[in-house]
Amino acid sequence: MTTRRMFIAGATCPRCGAVDRIRLCRDGEREWMDCVACGYESAEPPAAEHPPESAPADTTPGAVKWLPPRAAR
Ligand SMILES: [Zn+2]
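First, a word on what this report is: a plain description of the structure on this page. All values reported here derive from a predicted model rather than from experimental measurement.

1. Section: the overall build of the protein chain
Now for step 1: A tally of helices and strands in the protein chain yields zero helices and four strands.
Now for step 2: Its helices and strands taken in sequence order, the protein chain reads β-β-β-β from the N to the C terminus.
Now for step 3: With 73 residues in all, the protein chain has 10% of them scored as buried.
Now for step 4: Relative to all contacts within the protein chain whose residues are 6 or more apart in sequence, the contacts with residues 24 or more apart total 29%.

Okay, here's the thing in structure tokens:
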């Protein structure tokens, strides 16, 4: 299985505050985000089409700007 990673333009790391260091990682059906500056990982899928069934309550809205990938390629 190949893990694909792409940077999210304008995204800010919720841990270290670095800009343009957040990557979207995709491995098969799983998606997560990580920060190349501090190693932060978010196990939370950023896609809004998956309704959070047991989302953690401490997520800060607006901390990470999520831009949908350009799937048409
Ligand atoms: Zn970071």
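2. Focus on unusual backbone geometry
Excluding glycine, most residues fall at negative phi; most peptide bonds, likewise, are trans.
Now for step 1: Despite not being glycine, Asp-20 shows a phi value in the positive range, around 60°.
Now for step 2: Within the element layout of this structure, Asp-20 appears in the loop between strand E1 (3-7) and strand E2 (22-27).
Now for step 3: For Asp-20, a count of 14 C-beta atoms within 10 Å puts it in the partly exposed group.

3. So, the nonpolar core
Grouped burial of nonpolar side chains is what soluble globular proteins tend to show.
Now for step 1: In this structure, Ala-11, Cys-13, Ile-22, Leu-24, Met-33 and Cys-35 together form the largest nonpolar core, which totals six residues.
Now for step 2: Residue assignment for this core shows that the elements contributing at least two residues are E2 and strand E3 (30-35).

4. Side note on the sheet that holds strand E4 (residues 41-42)
Now for step 1: Pairing is antiparallel in the open sheet, where four strands are placed in the order E1-E2-E3-E4. Each edge of the sheet is formed by a strand with only one pairing partner; in this case those strands are E1 and E4.
Now for step 2: Here E3 pairs with E4 via two bridges, running antiparallel. If you follow Met-33 over to E4, its bridge partner there is Ser-42.

5. Here's the deal with the pairing of E2
Moving residue by residue along a regular strand, the side chains alternate between the two faces of the sheet.
Now for step 1: One ladder, built from five bridges, connects E1 with E2; its direction is antiparallel. Residue pairing for E2: Arg-5 is matched across the bridge by Cys-25.

The rules behind the values
Residues numbered from 1 in each chain as written. Predicted model: local features only at pLDDT ≥ 70, side-chain atom pairs only at ≥ 80, totals over all residues. Helix = DSSP H or I, 4+ residues; strand = E, 2+ residues; numbered from the N terminus. Buried ≥ 20, exposed ≤ 12 C-beta atoms within 10 Å, placed from the backbone. Contact = placed C-beta atoms within 7 Å. Core = buried A, V, L, I, M, F, W, Y, C linked by C-beta atoms within 7 Å. Pairing = 2+ DSSP bridges.

It is worth stressing that arrangement in space is one thing and function is another; only the former is reported here.
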